[in-house]
Amino acid sequence: MSERDHTSVLRARGVRKHYGQGDGLVRAVDGVDLDVTPGETVAVMGPSGCGKSTLLHLLGGLDRLSAGEVWLGGLRIDPIGEKALARMRRTAVGFVFQAFHLMDELTAVENVELPALLAGSSARAARQRALRLLERVGLADRAGFLPASLSGGQRQRVAIARALANEPLVVLADEPTGNLDSAATLDVLRLFETLHEGGQTLLIVTHDERIAATADRLISMRDGAFVDETRLTGVTTGQLGALVGLEG
Amino acid sequence: MGRVLLVGRLAARNLRRRPAEAALLLVAMMAATTVLTLGLVLHGVTDDPYQDTREATAGPDVVASFAPDNYMGQPADLAGLEALADAPGVSDHSGPYPVVGAELEADGVTGSRRTPRGEEVGGAAGVWAVGRDPAAASVDQPELTQGSWVRDGGAVVEAGFADALDVGEGDQITLRTRLCTPMTPTTPEQHCRVVNDHSFRVVGVAVTAAARPYPGVCFAPFCPWFAEAMEDARPQGPPPDEPPPDEAVDDERFMEDPVEPGLVWLTEADARGLAPAEEFLSYVVNLKLADPADAPAFVNAHFSSSTEAQVLETWQDIRAGHDQLVQDTQNVLVIGSRLLAILAVSSVAVLVGGRMADQTRRVGLLKAVGGTPRVVAAALLAEYVAVALLAAAAGLAAGWLAAPLLTDPGAGLLGSAGAPSLTLSVAAQVTAVALGVALVATFVPALRAARTSTVHALTDTARPPRRTPRLIAISARLPIPLLLGLRVAARRPRRVVLNTISIFVTVTGVVAVLAAKTLIGQDAQLVGGTDPGTVRANQVLLVITVSLVALAAVNAIFVTWATALDAKHSSALARALGATPQQVSTGLSAAQVLPALAGAVLGLAGGIALFNGLGGGEDGVTGPPLWQMLAVAPVTVLVVAALTTIPARIGARRPTAQILQAELA
Amino acid sequence: MLALLAKERSHGYELRTRLRQALGPLGHGMNRGQVYVTLGRLEKAGLVTSEQSAGLVDRPDRKVYALTPDGQQRVAEWLAEVGWPKPDLAEFHLKLVAAGAAGLADPISIVDTQRRELLRRLRDAQRAAMAESEGSDAALLLEGIVLRLQADLRWLEACEQNWTGRRSGS
C-alpha cells in the first residue's frame, strides 16, 4: 500500500494496543480497521472500558500503537517520532475532551489562541483567529471570561473552538457531552451539526445516543473491537408522525 | 493521649509514603545543624584554653626580649633587661634567658615537613630556641603534655609546633644556626653560612602562655607585629638602624632570622652553644606585674620606639594571637550556619508548597471526620517537626564527629586533646534552630490549610494558580519554549521567588567564601600561611561551601520536581495541542534558569556586601578576583540548567494520554 | 403467547407458568383465566389447535395446545416487526424471551434491529427539535420524544449485554 492515500482523511488498519504481559495482558484495542471520508461524522459507541477512548488517543497520536497502522491526511503517523507527532497535532487534528481540559488561568480567547501560538502564528493573528472562532461557536461576548466563570456547555464550546484553531483535518472528540446536562448537550449538538454542515470531518466517541444519532455512521465497539456499523444518513422513517404513534 | 497518638501515626505514615522527599528534607536541615554544631563546639570557641594555660603555667604579664644591635655591633642590653625586671609594678620575674634564632629539621622527615595545610614543604622550619633552667621557674613554667623538662642534649618542643611538625617525645631534631652579611640598599641579598649544627633529642612537649602560637613566635630582633605597632607609634623621620654607608658589606654580623618560627626550649648551655658567639644572643625575661591589667601601660612606659632591638609584649597581645586563630573560624561558621538556615527554610518551604495540594485534601478529610483546627494544624506540622528533630540529632552527631577532624590550631594550649564536649546548651541551640526552620517554613501553609473551608479543601479548589494578564500577553510574543516557561512560572509566583532567594543565598555564600579565601591567601603570603589558623579557616570555608552547594542542589531538585508536578497537566495539554517535548522541557527549565540567573547576579552583589560588611575588606581585598566574579553567574546558570533539565525531560516525555486521563479522576 | 407455543406443544397451565416466569412480579396481576380466554380466541382465529389430554375431564388447563401453520407465520411476522412507541417494554421483552426459548430467531439481532430503528427515529426527532424555535410547544414535545427514545435505547443496550451474557454462559 502506498504511503499516501487521498480518499480517506483518517484511516486505520489492524490497530492494537496492549498493556501488561502474560496473565496480566490487557487488550485495550484489539484489531480495529477504520476509514473516515472527508466531511463525514463518525460516532463510536460502546460500554465503558471497551477501549473507545484509547482508540481515539491512538488515532490522534497521543499514544503509541502496539501494532497496526494509522494514516492521517495520507501520512502514516504510527512510526514517526514525538517531535513530528507534535507538529502533526498542530495541523491535522483538534481534540475535544470530556473534561474540557482548558487552562484555568487563561481566559476563553487565550485558551482558543493557544494552538495557533504553538504553531508559530504571531500573537495578533492568533488572537484574531481565536475571536472569530469564538464568534462561530456563539461565545464572542464571553471572550474575556475565565473558565471558572463559564458554564459546562460554554466551556466545552470554547474547547471546540480551540480544537478548530488550526483548521484541522479531523476533530477528535472524546465523550464531549459526558460532563454536560441536557441543555448544554443540545448546544453542543447544534454546534456539531453546524460544523458538519460546514464540511468538517468529525470522529466522536460517546455513549450518549443523542450524539450518536447525529452521525453519518455509527460504529459499535466492544472489548476493543468494532462489532457493528450502522449507516444513518439519508434514511429517515419519512414520517415524523410515526414518532407519536400516529398512523401515517 | 489518643489524639497525640493519632497525629503521630498520621505523620509517620505520611513520611513513610514518600521516603525520598523526607530524606532530602533531612539533608537540607542537617546541613544547617551540622555547621552550627561545628561552630558551637570547636575547641577554643566554648572554653577558654588560654586562661587555663595561663593559670597552669603561671603565665607572665609582660614578655620582654632584647636583642643585640648588629648594625652598631653592640651586644644585647642585658643590664637594661635586668633593670626592667626590677621596675616598679613588677612583682615577680623569670630570666633573663638566652634566645637564639635557628632552623629546625626533624630527623626522619628528612628535607621536608608536612605543613598543617597538608602541603609538603621543603626545607627546615624556623625556630626560636630559649635556654632554660632545668629547675622550675616561678613565672612561665611551661606545662608538659609529654615527657620531661629540658636537660643537656634534650629539647622540649612547644605543643602547637610539635603538632605541626608531627614530632613527639623520643624524636631527633637538628638545630642549625647561620651567620649572614648585612642587607644594604646596594646589596639587597644576604649571604649566609651555617655556623652550628647540633642534634637534640626531643625529651618533652609542653604548652605555654608566654608566646604567640606557631608560626607567630616573636622575640627581638624579629617580631613583625611589634614592628608594625612601632611604625604606628613612631613619628615620621628616617628609619633607625640604617647602616652607615660605605661600611664593609662582607662583614658577617647578623644571625639569620627564623622564618615562621616555632618555639623550643633547651638548657641554657645548649642554647648558648648554638650561637656563634656571646654577642649574637638575644635575651628574654618574663615579668609578672602586681596588676595584670596594667600590662599595656607598663609596655608603653618602657618601650623605646627608636629601636627594634627591644620587644615588649603584653599577655593581652599574646592572648589575642591565640584568639585570632579561632576568631575567624568562629565568625565564618556562625555566618555560614545562618546562610544555611535560610537556605534550609527556603527548601522546606518549597517542599511544603509543592505538597500543598495533597496536604489540603488531607486537612479537608481530617476536618470532615471531626478534627479540630488544632488537631489539623498539629497533623500538618508533626511531620516536619519530626524531621527537624531528627536533623538536629543527626547534625549534633555529625558536628561532634567532624570537629576533631578539623585542624586544631589550639594545640598549643591546654585542653585541646580529646573530643569536644556536647553540652546541653549546644544541643538546645541546635534543636531550636532546626525546629525554627521547620516552623517558619510550614507555618503559613499550615495556617492557610487549617483555615480553608472543608468543602474547598476536599474539592481541591483551594489553590488555584495565579493569573497575570500582562505576563500572559507578553508571553504570547515570545518563542514557544519561553512562552511555556513564562506561563508555568507565572502560575506560582511564590515558588519563583523562593527559588530566586535560595540561589541568591547560595551565591552570596559562595562569593563571600571566595573573597575570604582570597584574603586568606593574601594574608598567608604575608605571614607564612601554613599556620594552623589559616589551615583551619580554609577547611571551614570548604565545609561551608560544600554544604551551601549541596543544599542549593537539593533546593533546585525540589523546585524542579514541584514545578513539574504542578505543570503536569499544562505540559500534557500543551503537548496535546502541538508542542514538542523538547519545547516543553526547555520551557520548564527556563522557568527556573531565569530566576536563577537573577538570583546569581544579586548574589554576587550580596556576597561582596556580606564580606565587606563583616570587616573582611582589608588589605585591599574587597572581593574575589575578577575572573571568579565573572564566572559566578554563568556557572550558576549552567549548574541549574543541568540539574533541572533531567527531571524536566522525564516529565515531558510521559505519555500524554495517561496524564490527561488521570485528570478525569 | 403464540411464540411460547412455537417451541412445542404445551398444556395450558404450562403456558401460564412460563408466562409468569418471563414477566416476574409484573405478571402477578394477571388473571388466571386470562390465559385461557386468550387461548380460546386464538383457537377461534385459527392460529391454535387444542386437543384434550387423553383420559381427562374437559378442562381448559388440561388441554394441549399447538400452533397451526397460520400461527407459525403470525409468530414469524411478530418477531420481525419493528416499531416505536409500540411494541412497549413488556411486549418487546417477551419477544426476546420467546425467541430465545424457541430458537426461532437470535434475540441479539432483534435487539440490533430495534436499536437501529430507534436511532433513526432519534435522529429525525433531534433534527426536528433543533429546527424548532426554543420554547415552542412543539419543541417541548420533541424533547420529550428524544428523551424517551434515549431511555429506550439505553434499555436496548442493557438487553444486548444481558443476552450476550446468556448466550456465552449457556
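Below or above, wherever it landed, is the structure these notes cover.

About the thresholds
- Residues numbered from 1 in each chain as written.
- Chains lettered and ligands numbered in written order.
- Predicted model: local features only at pLDDT ≥ 70, side-chain atom pairs only at ≥ 80, totals over all residues.
- Heavy atoms only, no water.
- Buried < 20%, exposed > 50% of the residue type's maximum accessible area, 1.4 Å probe, protein only.
- Helix = DSSP H or I, 4+ residues; strand = E, 2+ residues; numbered from the N terminus.
- Contact = heavy atoms within 4.5 Å.
- Phe/Tyr/Trp six-rings, centres within 6.5 Å; stacked < 30°, edge-to-face > 60°.
- Lys NZ or Arg CZ within 6 Å of the ring centre and 35° of its normal.
- Buried area = accessible area lost by both parts, 1.4 Å probe.
- Salt bridge = Lys/Arg side-chain N within 4 Å of Asp/Glu carboxyl O.
- Polar contact = N/O pair within 3.5 Å; in protein donor to acceptor, adjacent residues only side chain to side chain.
- Nonpolar A, V, L, I, M, F, W, Y, C, P; charged D, E, K, R; others polar.
- Pairing = 2+ DSSP bridges.
- Axes fitted to C-alpha atoms, helices over the stretch in contact; angles between N-to-C directions.

**Considering helix α2 (residues 82–91) of chain A**
Three or more residues of α2(A) are buried, namely A:L85, A:A86, A:M88, A:R89 and A:R90. Tucked inside the fold, the buried residues of α2(A) contact β4 (67–72), β6 (93–96) and α3 (108–118) of chain A together with α18 (568–576) and α19 (581–613) of chain B.

**A few points about the packing of aromatic side chains**
All told, the structure shown has 4 aromatic pairs over all chains when counted by the stated rule. Judged by centre distance (5.7 Å) and plane angle (50 degrees), the rings of B:W149 and B:W265 are tilted. On the criterion of sequence distance, the pair formed by B:W149 in the loop between β6 (143–147) and β7 (154–158) and B:W265 in strand β11 (residues 262–267) is long-range, its members being 116 residues apart. The same class applies to B:W149 and to B:W265, which are both buried. Ring centres of C:F92 and C:W155 lie 5.9 Å apart, and the angle between their planes is 65 degrees; on these two criteria the pair is classed as edge-to-face. Within this pair, whereas C:F92 is found in helix α5 (residues 89–102), its partner C:W155 is found in helix α7 (residues 137–169), the two being separated by 63 residues in sequence. Look at C:F92 and you get buried, because its relative accessible area is 3%. Given a relative accessible area of 29%, C:W155 falls into the partly exposed group. In this arrangement the basic side chain of A:R142 is found over the ring face of A:F145, its NZ or CZ atom lying 5.3 Å from the centre. Its end group placed over the ring of B:W315, B:R54 keeps NZ or CZ at 4.0 Å from the ring centre.

**Considerations on the interface of chain B and chain A**
In this assembly, 31 residues from chain B lie in contact with 28 residues from chain A. A combined buried area of about 2600 Å² lies between chain B and chain A, and 64% of that area is made up of carbon and sulfur atoms. Counting every contact that joins chain B to chain A gives 2 salt bridges. Of the charged contacts, one joins A:E105 and B:R491 as a salt bridge, the two residues approaching to 2.9 Å between their closest N and O atoms. Counting across the interface, chain B meets chain A through 5 residue pairs in polar contact (both at pLDDT 80 or more). Going through the elements one at a time, α15 (480–491), α18, α19 and α21 (656–662) of chain B are the ones with two or more residues in the side of chain B that touches chain A. Ranked by residue count, the leading element in the side of chain B that touches chain A is α18(B), at 6 residues. Of the residues that constitute the side of chain B that touches chain A, the class distribution is 15 nonpolar, 8 polar and 8 charged.

**Some remarks on the pairing of β7(B)**
Looking along a regular strand, one sees the side chains alternate between the two faces of the sheet. Residues and elements named next belong to chain B. Burial analysis of β7 places 5 of its 5 residues in the buried class, the great majority of the element. Where burial is concerned, the two faces of β7 agree: the one with G154, V156 and E158 and the one with A155 and V157 are both buried. Sheet topology places β7 next to strand β9 (residues 192–207); 5 bridges connect them, and they run parallel. Of the residues in β9, the one forming a bridge with V156 is G204. Across 2 bridges, the pairing between β7 and β11 is antiparallel.

**Quick look at the interface of chain C and chain A**
Contact with chain C, which involves 28 residues of that partner, is made by 28 residues of chain A. Counting each side, the surface lost to burial between chain C and chain A is near 2600 Å², with a carbon and sulfur contribution of 56%. Between the two partners, chain C and chain A, sit 4 salt bridges. Here A:E209 makes a salt bridge to C:R154, at a shortest N to O gap of 3.6 Å. Inspection of the chain C/chain A interface yields 7 residue pairs in polar contact (both at pLDDT 80 or more). Here the element with the most residues in the side of chain C that touches chain A is helix α6 (residues 107–131) of chain C; it accounts for 14 residues. A per-class count over the side of chain C that touches chain A returns 11 nonpolar, 4 polar and 13 charged.

**A closer look at the sheet that holds strand β1 (residues 10–19) of chain A**
All names here are of chain A. Spatial strand order, β2-β1-β4-β5: 4 strands in an open sheet with antiparallel pairing. For this open sheet the edge positions go to β2 (26–36) and β5 (75–76), each flanked by a neighbour on one side alone. Bridge count between β1 and β4: 5 bridges; the pairing is antiparallel. Residue pairing for β4: R16 is matched across the bridge by A67. The sheet strands contacting helix α1 (residues 52–59) are β1, β2 and β4, and the helix crosses β1 at an angle near 120 degrees.

Honestly, that's just the spatial picture; any functional story needs more than this.
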